[in-house]
Each structure stands twice: as structure tokens, then as C-alpha cells.
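Working through the structure, step by step
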Amino acid sequence: MFNIGVIGTGYVGLVTAACLADLGNKVICVDNDYKKIENLKKNIIPIYEPGLAELLKKNRLAKRISFGHSIKEATTKSEIIFICVGTPANADGGADLSAVEKVAFEIAQAIKGYKVIVGKSTVPALTGERIKQAIEIKTQGRVNFDVVSNPEFLREGQAIHDTMHPDRIVIGVESKHAEDIMCRLYKPLKSQIVVTNIQTAEIIKHACNSFLSTKISFINAIAHICEKLGADVEMVAQAMGLDKRIAKDFLNAGIGFGGYCFPKDLDAFIHLAEKHGYNFELLKSVRKINEEQKRFFIKKIEETLWNIKNKNIGVLGLSFKPNTDDIRNSIAMEIIRTLKSAGAKIKAYDPQAMAKAKAEIRGIQFCKDSYAAAKNSDCLLIMTEWAEFKKLDLAKIKKLLAQPVIIDGRNMFEPAAMKKLGFVYKCVGRC
Ligand SMILES: NC(=O)c1ccc[n+]([C@@H]2O[C@H](COP(=O)([O-])OP(=O)(O)OC[C@H]3O[C@@H](n4cnc5c(N)ncnc54)[C@H](O)[C@@H]3O)[C@@H](O)[C@H]2O)c1
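Basis of the calculations
Residues numbered from 1 in each chain as written. Predicted model: local features only at pLDDT ≥ 70, side-chain atom pairs only at ≥ 80, totals over all residues. Helix = DSSP H or I, 4+ residues; strand = E, 2+ residues; numbered from the N terminus. Buried ≥ 20, exposed ≤ 12 C-beta atoms within 10 Å, placed from the backbone. Contact = placed C-beta atoms within 7 Å. Pairing = 2+ DSSP bridges. Core = buried A, V, L, I, M, F, W, Y, C linked by C-beta atoms within 7 Å. Domains from an automatic or database assignment. Near = placed C-beta within 6 Å. Nonpolar A, V, L, I, M, F, W, Y, C, P; charged D, E, K, R; others polar. Right-handed = clockwise from strand over helix to strand, strands pointing away. Axes fitted to C-alpha atoms, helices over the stretch in contact; angles between N-to-C directions. Parallel < 35°, antiparallel > 145°, perpendicular 65-115°, else oblique. Left-handed = near helix turned anticlockwise from the far one by under 90°. Expected span 1.5 Å × (residues − 1). Arc of directions from axis to C-beta.

Structurally, D96 can be placed in the loop between β4 (80-83) and α5 (98-110). For D96, a count of 16 C-beta atoms within 10 Å corresponds to the partly exposed category. C-alpha of D96 to C-alpha of P124: the two residues are 28 residues apart in sequence and 9.8 Å apart in space. For D96, the contacting residues outside a window of four places in its chain are T87, P88, A89 and N90.

See below:
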């Protein structure tokens, strides 16, 4: 068992900390957001992630997890230090690594004996090298330490499951000693561990997120053709997915990918490639197709409602995906802004993301449930595939709507069944 410091208590940091504590390690979590840490000390969790609140509470009571403000304290008390801070996009598409750099400097100021410093934040290749160099310069070579790249692959909404049962763990290391420590840390998870050098580990993360984004844009491009030719993209995806070489995940046609990671990670990889002399046309097309999906969806709304101005539009789903309250780069939020600026009156509902959405957008009505969002609306939009939307009483929805129009950006219902119920139902890649 290890003493571990986790720096950055966001979606990745908190989940990592809770899971490592649950495996028996002693974890200290640090963040420069003072209020967040004070709230965490009082068991107020800043994000919605299924099972996280319970896991944090359990491990706090067992005294395996604590919260603090000082990177110095976390560094001094820990053998392994995880960097989990944000790496947002710069205006040029590259990653803003200022938080990673700041944390590396603070670790360098505090470090005395040997430490393993692990990068979990998603960073452009060669960042591990930069972290190492920065700490070496600051400590003037007086301290022994290792830098490790351990990219994170968790999915929000199932982050605890993904952390406890990963498909694989990737560890980029330069020393046998650090490799042994990391393998001992993760041994209880009984997962396949891929050990490689730091640059390769960093590229693995770039490649995974880019490939998954490519799968989504690919099926969205197929959906477009299906709509034109009267074919059914769901059947196409299903049959494609039965081929083991392709696999079914991430072949869901819809309004495209959003969220904190995919858009910025795609931009960062394109940017990195360009910096090193490679024009990544394939990924530029992936990005372009994703942008077009939003426009196609708006066009569908316009084609159905005619003028957007003064129309009442109900919106189901605000988070970028189900089972999370995360609205960062949520396509739902982007589409709402577009419709609002075109003069629509928006009534929105989301099972978990309303508080975060209220803090971000003014001038729309937030509803207590899906039915309130549907009431007197000229159409109902489905933006996030929350399971509860699948169980809606559609007859009741039809009665509540001013006209029976549903435009579904997540293909939650069968078009034929919806038509039979008397809806004008439009979805993506199906007629
Ligand atoms: N969210 C995901 O699903 C996911 C999945 C895989 C990888 N990642 C990557 O992990 C990293 C973190 O993502 P996240 O979603 O947890 O971000 P987040 O914004 O939820 O959390 C980052 C945390 O770091 C803190 N922080 C920033 N600067 C700091 C500093 N100088 N000192 C201490 N704390 C600081 C912030 O206050 C925040 O609490 C990113 O690089 C992201 O790309 C995220």
C-alpha cells in the first residue's frame, strides 16, 4: 500500500483518489480551488458521478482519504503523486499546459526524497519530458525522482467502473524502479498493464481519443447518406458492429461528440501533428463532420417548424452525455444558444445538469421534468440519451405538446412506432 498525492480534484482526480483509497492506499487530494476543497471536507461533492459520493464517504470514514490545499504537504507525505489538473484548449487548438507546469514547479519546490510523479492529465506527447526537465532545473539535479505517463481512459458516467475494471492500464516509464512501483500499485485491479516509454504512452492516449472520435464522425457521415437514400443507419451500425474487427461501440449516429475531452483532444493532436510537420487531414475531416452534424440538426428543426422565432421549444438533456452533470462543450448547450439567438423560447430539463446549466445560460426556462418541458411546446428536442427519456409516457407527451413534433438527436425511439403514435418524428439517419 502506498501514500499517494492527487493534485486536481475534478472528474479524473476525485475518481482516481476514491478508487486508489478503496484499494487500501492512503490518499491526500489537493486543489487550488479553495471552496471545492472546503466543501469536500464537508462531504459536498462538486460533480455528479454515479457511486462517487458513497465511495468518498466510505474511504473518508476509514481515514484513507483526506483533502488539503497544499501541494507541498501532498508531495512531502506521498511516494506517488498524480497530476490530474485540467488541460483546456488554447485559442490555436493546442493544449494549455500552464496548470501542469505550475504543479510541476510546486512539486519541485517541495520534493526532498525519491518520488514517482505521474501525469494522468491528457497532454500532448513530449509533456512528460518537459515535466522532468522543469523539475530537474528547479531542483538543480539534487533530487532523485521519476516521471511516469499514465493516461486516463475513464468515461464520465461510468468512471468508477472504468477505473476499477479498466480494459488496460498504460504506463510510460523510464526506470525499472518506477515501473515496479506502478505495477504494484495497480496489481489489485488484475488488469492488463501495457508498459512502454513515456512518449509512446502519450501517443496511445492521443490515438485512442482520435480513433473514437473518428468512429463517431464516420457513422454520422454514413447517417447522412442513409437519410438521403432512405436507408437505416441503426441497422447499418448494428451489422457493422457484429464484425469483430469493427466492434459496435461508438457507432451511434447522433448530433456528434462534445464534452471536455474529445473536441479539445482532437484539436490538440491535429495541432501537435502540424507542429511536427504532418497535416492530419483525416482528423480535420472528423472535426468538420462533427461540426456539420450540429448544423444538420438545426436545419431539421427549421425544416419542421419553419420559423424559429417565437417558437416554444422543449429540450430534453443538457449534459454532454448521460449519467453526468458535465456540460463542458455540450452540444445541447450549443444548440440551445443557437436557437435562443434565433428567437426561440426554450424550456429545458435534465436529470442532473440543471444546476450547472443555470449557472451558464440565462433567459431559458428550466423545468422540473420532461413533461413540463413538453407542455405547450411546438416541438420537443432530445439532446442527451438519458435512460429515463426512453421510459417517457409518449401518449402524455403528445397531449402536452402544442403540436406532436419530436426531433431526436440521439435516436432513442423507433421511427415507425413514433409515426404510429401520431408524432412527426425526425431522428438521425433513419426515415
Ligand atoms: N473528464 C474526463 O472524462 C477525462 C477522461 C480522461 C482524461 N481526462 C483528462 O484529465 C484531466 C483532468 O480532467 P477533469 O475532467 O478531471 O478536469 P476538471 O476541470 O474537472 O478538474 C481539474 C481540477 O484541477 C484543478 N486545478 C487546476 N489547476 C490547479 C493547480 N495549479 N493546482 C491544483 N489544482 C488545480 C481544478 O481546480 C480542477 O478541480 C484533463 O487533462 C482531461 O483531459 C479527463
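From this point, the narrative continues.
Attention now goes to the sheet that holds strand β11 (residues 365-366). Across a sheet, strands are paired by hydrogen bonds formed along the backbone, either parallel or antiparallel in direction. Judged by pairing direction, the sheet is parallel, and its 6 strands sit side by side in the order β11-β10-β9-β12-β13-β14 without closing on themselves. Two strands close off the open sheet at either side, each with one partner strand: β11 and β14 (424-426). Pairing between strand β10 (residues 345-349) and β11: 2 bridges, direction parallel. From the neighbouring strand, A348 faces β11, where its bridge partner is F366.

We now examine the nonpolar core. Formed by 122 residues in total, the largest nonpolar core has its most connected members in I7, V315 and A348. For this core, the element with the most residues is helix α1 (residues 11-22), which contributes 9 residues. Split by domain, this core shows at least three residues from each of two domains, domain 1 (3-196) and domain 2 (211-426). Sequence-distant contacts of V315, that is, excluding residues within four places in its chain, are made with A332, I336, I346, A348, A373, L381 and M383.

What follows covers the site of the ligand. Residues in close proximity to the ligand total 26 residues, the closest being G8, G10, V12, S121 and T122. Counting only elements with at least two residues in the shell around the ligand, the list comes to α1 and α5. Looking at side-chain class alone, the shell around the ligand contains 11 nonpolar, 9 polar and 6 charged residues.

Time to look at the domain arrangement of the protein. Examined at the domain level, the protein breaks down into domain 1 (3-196) and domain 2 (211-426). Centre-to-centre, using C-alpha coordinates, domain 1 lies 33 Å away from domain 2. Counting residues at the interface gives 17 residues for domain 1 and 15 residues for domain 2. Considering only residue class, the side of domain 1 that touches domain 2 consists of 9 nonpolar, 5 polar and 3 charged.

For the rest of this paragraph, the subject is the environment of K275. Tracing the backbone shows K275 in helix α11 (residues 262-275). In the structure, K275 is positioned 181 residues away from G94 in sequence and 9.7 Å away in space, judged by C-alpha atoms.

Looking now at the pairing of β10. Across the 5 residues of β10, 4 count as buried, placing the element largely inside the fold. In terms of strand pairing, strand β9 (residues 312-316) meets β10 through 5 bridges, oriented parallel. Counterpart to L316 in the pairing with β10 is Y349. Handedness of the β9-helix α13 (residues 331-341)-β10 crossover: right-handed. Each parallel crossover has a hand, and for β10 linked through helix α14 (residues 354-360) to β11 it is right-handed.

Where α11 contacts helix α12 (residues 281-305), the axes come no closer than 10 Å and their chain directions differ by 150°. The angle between α11 and α12 falls in the class roughly antiparallel. Considering the relative orientation of α11 and α12, their crossing is left-handed. The residues of α12 that touch α11, namely those facing L266, F269 and I270, are L283, K284, V286 and R287.

On to unusual backbone geometry, then. Positive phi values are uncommon outside glycine, yet Q140 reaches one of about 50°. Within the secondary structure layout, Q140 lies in the loop between α6 (127-139) and β6 (145-149). Positioned with a positive phi, N376 is a non-glycine residue whose angle comes to about 60°. When you line up the elements, N376 lands in the loop between α15 (370-374) and β12 (379-382).

The subject of this paragraph is the environment of D369. Mapping D369 onto the fold places it in the loop between β11 and α15. For D369, a count of 12 C-beta atoms within 10 Å gives the class exposed. It is 8.9 Å that separates the C-alpha atoms of D369 and L316, two residues lying 53 residues apart in sequence.

Here we take up α6. For α6, built from 13 residues, the straight-helix expectation of 18 Å at 1.5 Å per residue is met to within 8% by its first-to-last C-alpha distance of 18 Å. Taken together, the buried positions of α6 are T127, G128, I131 and I135. The buried residues of α6 all sit within an arc of 110° when viewed along its axis, so they share a single face. In α6, the exposed positions angled more than 90 degrees off the buried face are occupied by Q133 and I137. Q140 sits one or two positions beyond α6 and adopts a positive phi of about 50°.

A few words now on the packing of α12 against α13. Where α12 contacts α13, the axes come no closer than 11 Å and their chain directions differ by 50°. Comparing the axis directions of α12 and α13 gives the class oblique. Between α12 and α13 lies a crossing of right-handed hand. Residues K294, F297 and I298 of α12 lie in contact with α13, whose contacting residues are I331, E334, I335 and T338. Of the residues assigned to the contact of α12 with α13, the class counts are 4 nonpolar, 1 polar and 2 charged.

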